[in-house]
Amino acid sequence: MSLLEVDALDVHYGAIHALHKVSLAVEEGEIVTLIGSNGAGKSTTLRALSGMVQSSGGTIVYGGRSIVGLRSDEIVRLGLAHAPEGRGIFGSLTVRENLELGAFSRRDGKVRSDLERMFERFPILQERAQQSAGTLSGGEQQMLAVARALMARPKLLLLDEPSLGLAPKIVQKIFAIVAEINRDGVTILLVEQNAHLALSVAHRAYVLETGEVKMAGSASELAASDEVRKAYLGVG
Amino acid sequence: MIPAAAQPISVTRALTRSLLPVAVGLGLGLGLGQVVPTGTYAEKILFDIGINIILAVSLNLVNGFTGQFSMGHAGFMALGAYASIVVTYYGGFALFGDVGCHLNAQGYGLYFTSLVVGGLVAAAAGYLVGLPSLRLRGDYLAIVTLGFGEIIRVVLQVSYAVVEPEEMATVDWWERPLHLGKSLGFVHQGAYNSLSWTYAAVVLTLLCAYRLRESTHGRAFLSVRENEIAAEAVGIDTTRYKVNAFVLAAFFAGVAGALFGHQLGTGTAARPEEFNFMKSFEAIIMVVLGGMGSISGAALAAVTLTLLTELLRSVQDYRMVSYALLLILVMILRPEGLFGTRELWHFLRRRRP
Amino acid sequence: MTEFLQFLLKGISVGSLYALLALGYTMVYGILQFINFAHSDVFMLGAFFSWRLATWFKLIDPSPLVATSLLLAAMALCALTGFLIELLAYRPLRRAPRLNVLITAIGVSLFLENSGQLVFGKDPRSYPQLLAEHTFSVGGVNVRSVEVIAVVTALALMVALHTLVYRTKIGRAMRAVSIDHKVAGLMGIPVSRVISFTFVVGSALAAAAGVLVGITYGQIKQPADSSWVLYGLKAFVAAVIGGIGSVPGAMLGGLLIGLCEQFVGGYISTQLRDAIIFALLIVVLLVKPSGLLGRRAIEKI
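Definitions and cut-offs
Residues numbered from 1 in each chain as written. Chains lettered and ligands numbered in written order. Predicted model: local features only at pLDDT ≥ 70, side-chain atom pairs only at ≥ 80, totals over all residues. Pairing = 2+ DSSP bridges. Helix = DSSP H or I, 4+ residues; strand = E, 2+ residues; numbered from the N terminus. Axes fitted to C-alpha atoms, helices over the stretch in contact; angles between N-to-C directions. Contact = placed C-beta atoms within 7 Å. Nonpolar A, V, L, I, M, F, W, Y, C, P; charged D, E, K, R; others polar. Expected span 1.5 Å × (residues − 1). Buried ≥ 20, exposed ≤ 12 C-beta atoms within 10 Å, placed from the backbone. pLDDT = per-residue confidence, 0-100.

1. A short note on the sheet that holds strand S3 (residues 31–35) of chain A
Residue and element names in this part refer to chain A.
Consideration 1: Read from one edge to the other, the open sheet built from six strands follows the order S6-S7-S8-S3-S9-S10, with strand pairing classed as mixed. Where the open sheet ends on each side, the last strands, each with one partner, are strand S6 (80–83) and strand S10 (212–218). In this sheet, neighbouring strand axes are inclined to one another by 15 degrees on average, regardless of whether the strands run parallel or antiparallel.
Consideration 2: Of the pairings in the sheet, the one linking strand S9 (residues 204–209) to S10 comprises six bridges and is antiparallel in character. Bridge pairing in S10 links tyrosine 206 to alanine 216.

2. Re the arrangement of the chains
Consideration 1: The highest contact count of any of the two pairs of chains in contact belongs to chains B and C.
Consideration 2: Chain B makes no contact with chain A, the minimum C-alpha separation between the two being 15 Å.

3. Thoughts on the pairing of strand S3 (residues 141–144) of chain C
Residues and elements named next belong to chain C.
Consideration 1: The pairing of strand S2 (residues 135–138) with S3 spans four bridges and is antiparallel. Its bridge partner lying in S3, threonine 135 is registered against arginine 144.
Consideration 2: Between S2 and S3, which pair antiparallel in sequence order, lie two residues; one of them, glycine 139, sits at a positive phi of approximately 55 degrees.

4. As for the interface of chain B and chain C
Where interface size is given, it is often the accessible area lost as the parts come together that is meant.
Consideration 1: Each partner contributes to the interface: chain B provides 38 residues, whereas chain C provides 40 residues.
Consideration 2: For the side of chain B that touches chain C, the secondary-structure elements that each account for two or more residues are helix H5 (105–133), helix H6 (138–157), helix H9 (228–233), helix H11 (277–290) and helix H13 (316–333) of chain B.
Consideration 3: If you tally residues by element for the side of chain B that touches chain C, the top one is H6 of chain B, at 13 residues.
Consideration 4: Grouping the amino acids of the side of chain B that touches chain C by side-chain chemistry returns 26 nonpolar, six polar and six charged.

5. Let's talk about helix H8 (residues 191–217) of chain C
For the α-helix, the turn length of 3.6 residues means that residues three or four positions removed from each other point alike.
Consideration 1: With 27 residues, H8 of chain C should cover 39 Å at 1.5 Å per step; its first-to-last C-alpha distance of 39 Å lies within 8% of that length.
Consideration 2: The buried fraction of H8 of chain C is high, at 21 of 27 residues.

6. Focus on the interface of chain A and chain C
Consideration 1: If you look at the interface, chain A gives 20 residues, while chain C gives 16 residues.
Consideration 2: For the side of chain A that touches chain C, the secondary structure elements donating two or more residues are helix H2 (72–77) and helix H3 (95–102) of chain A.

7. A short note on the confidence of the model for chain C
Residues and elements named next belong to chain C.
Consideration 1: For chain C, the mean per-residue pLDDT works out to 91, and 98% of the residues sit at or above 70.
Consideration 2: Per-residue pLDDT stays below 50 along residues 297–301; that stretch engages in twelve contacts with residues further than four places along the chain or on separate chains.
Consideration 3: Complex prediction metrics read pTM 0.88 and ipTM 0.92.

Below you can see the structure in the form of structure tokens.
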């Protein structure tokens, strides 16, 4: 039984058919990545999973139960966190408040100790804890977005374009953190336009094109395939 | 639609097309004034209906056509009423040497002038209010226009007492327009209005609104309503269209006010209280219920609601409660209004435009 | 000088009521981006609920305990009213154009005014004297004890609200929702419930303002009287001037409007007072649409 099973998922934005019968699965402990060009439906897939958009068909089974039709806040409570595209930082709130909001749905008393752990992992966030989050640099905001999603203690983390608009050095750092989080036992579904990076960190990958799954396989297989190399890795 | 308009048509046909409705409409309007005896209950109701049609149809130019939201229609109406009374009262004194009602060619000429002046003053105010505030977001326009209406009402209340004919010599002519009768209202004897005047104005308003919507201007208006960004992208100066619609609506509201201010019985005193925001709200209710963008819908709503107001006079207290509930229900169940942008005849022909 | 101080005091007293009301407008605008026209009617209901309870139970002897319980009862009843308004009238329109929500709000406002008139009658009511009235003179300035109590109550409520919004978990959630509904949902925040809560809190504050009006002036106008709406409009102007969406801004704006009203009324003209306040609104919207403490500039569309 996979942690997440998506079958024949359809999403419409008005008259636009954004996702067309997308099926994918994520096993516990994996990093799975969705790659594809702009507008291929990667972010839409994540949005449908976290309840930000309503699907118009298909099934989403997470941890053995269907989560289709649930609201975002109900889905988070099941342990599925989403660090959205564009980071979604609450700019006028402080860094600490952002992190505390990440743990909004938790009722256990360990939020404070988790906050400390997060500050250990991201020292820069501790330094800036009382600053309003809007004053952070892009890389810092991305770290905050990841840290905030982790504050929900998710089993499955949806990460949307963590490298977007960041300098290569910072991107390296973020991806190191992604691998680290995964080693700590968090399953990750990663959407990334930088296919090279994504395939280097992921176990398995799906290639999306115009709202449909075109290819699927292990990260190394796909990285070696001619088609992927041509279309997404800029080789050959 | 477009191919038909593109075909060249003969000058005579063009003239018939444009003038015939005006002539027929005016004929009907003027005729109505001859048929219904003055001073009757029927006349009063028909008069109320006429005024409300003008108000609803003109407000629809803003709220329905461009999707902006004006809540100060009563303010423009007040301006029109007062400006026109200034013309017939103080202007009449200059012309005739007294302030009575002169039902002759000169008197009617004066009255006609006063209607135009009333409209123009309101239109000028519309321009002043509309130009800056239409750059703001829709609901801010609502609050600005509401504030404007209140300012007008308050300012009218602090005007000076009406100058009586015998005191006229003691007040300079340019100071006279400040003498508007305070909160008591501008009481005068110039009952120039009749159903003929009223319905002539109704017909002109309806035709203007209809023509406007069928013109390229009208299409621009509707595009502003549907999608402002897209309208701008295809090169429509959205602010200009919004201001134009606003000014035109203010003009007709001003005319309605002017007619109102000269109606025997109701308006031979124009009181500031008459033009409070409930008046604006009533016009809004008509537009919303009739259909935002539907001319005949707004007019029909004006007729229906005016008649209902009369019929429900005995249960007055429940009337507004049910209007309010109706408004909420329509917004939830049929957000585009009962008619939407369709016209009455679209339903009769059983097809959509 | 004495005159000046008298206006100042009166301005603070009126201004704190505007501030209480303005908070409701600003919170709803911050979270749903629309002008809750029905807010001034909830304010009116606050006054009438407490009046009705006081007359029912024949509470005519001044007593701080009675006054406090009436205040709390009115706040609870109006909180319920606000909750129902949101649930029945606004929630079905969550995805509708803002214009429709605005029209609905006008509908709700008309409904409350006219049904209020049916229930509470068409006459102004004299409000029972819930607090003992003393007037003392400080340096030639007359200070009424009830006004002082009203100002202190208003301030206490504002401090409480400020703490709620800036120091508690639900307050953080409210601010998050006002920034981005969707992302707030991703944090596990039940967005609809937070919106309901915002209406509940705003309505309770409006009710408090209504009770304080009754206590201060000893008389309440009839439910459909335009003075209620005017009160509300001026409070909205206060919220805009302070910066719509900003809680401290609403408090500051309320105070400014109160002072402005008293000084204009005292030194220039009582009749022109309201006209000048609306003129001020138009000027602020044109010159600095984000208000004094507002963070977000007003979008063009």
